[in-house]
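Given next are the chains, with one letter for each unit.
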Amino acid sequence: MFTLPASAMAADISHGKSLQQKNCMSCHDDGVYTRSDRRVTTMEGLTKQVKRCELTLGLQWFDEDVNDVAGYLNESFYKF
């Protein structure tokens, strides 16, 4: 399945925040997004990382959900 970069779709930031807080905070605190040696350095990389986490947790999100979470994380932490 092909996932569009979050920048290609209008992300629903509120929905992304809700999904992130419900699902991602069990493994990550906000420090993973703000550390100086973070591995994610592009919007494409961020979207791919969110997809990897989604698959690892077996969440079965739609592409729009992945893009919403990536959009939220970008707006709140990454600023690509």
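Residues numbered from 1 in each chain as written. Predicted model: local features only at pLDDT ≥ 70, side-chain atom pairs only at ≥ 80, totals over all residues. Heavy atoms only, no water.

Trainee: An account of the nonpolar core is needed here, citing residue identities and associated values.
Mentor: In this structure, Leu46, Val50, Trp61, Leu73 and Tyr78 are the most contacted members of the largest nonpolar core, which totals 15 residues. For this core, the elements supplying multiple residues, two or more each, are helix 1 (13–24), helix 3 (43–57) and helix 4 (63–78). Once you skip the residues sitting within four places of it in the chain, Tyr78 turns out to touch Val32, Tyr33, Arg38, Val40, Leu46 and Leu73. (Core = buried A, V, L, I, M, F, W, Y, C linked by side-chain atoms within 4.5 Å. Buried < 20%, exposed > 50% of the residue type's maximum accessible area, 1.4 Å probe, protein only. Helix = DSSP H or I, 4+ residues; strand = E, 2+ residues; numbered from the N terminus. Contact = heavy atoms within 4.5 Å.)

Trainee: Summarise unusual backbone geometry; cite the residues concerned and give the values.
Mentor: Here the phi dihedral of Gln60 falls at roughly 55 degrees; this positive angle occurs in a residue that is not glycine. Take Gln60: it is sitting in the loop between helix 3 and helix 4. You can call Gln60 exposed: its relative accessible area is 72%. Not every positive phi belongs to a glycine, and Lys79 is a case in point at roughly 65 degrees. Residue Lys79 is classed as exposed on the basis of its relative accessible area of 58%.

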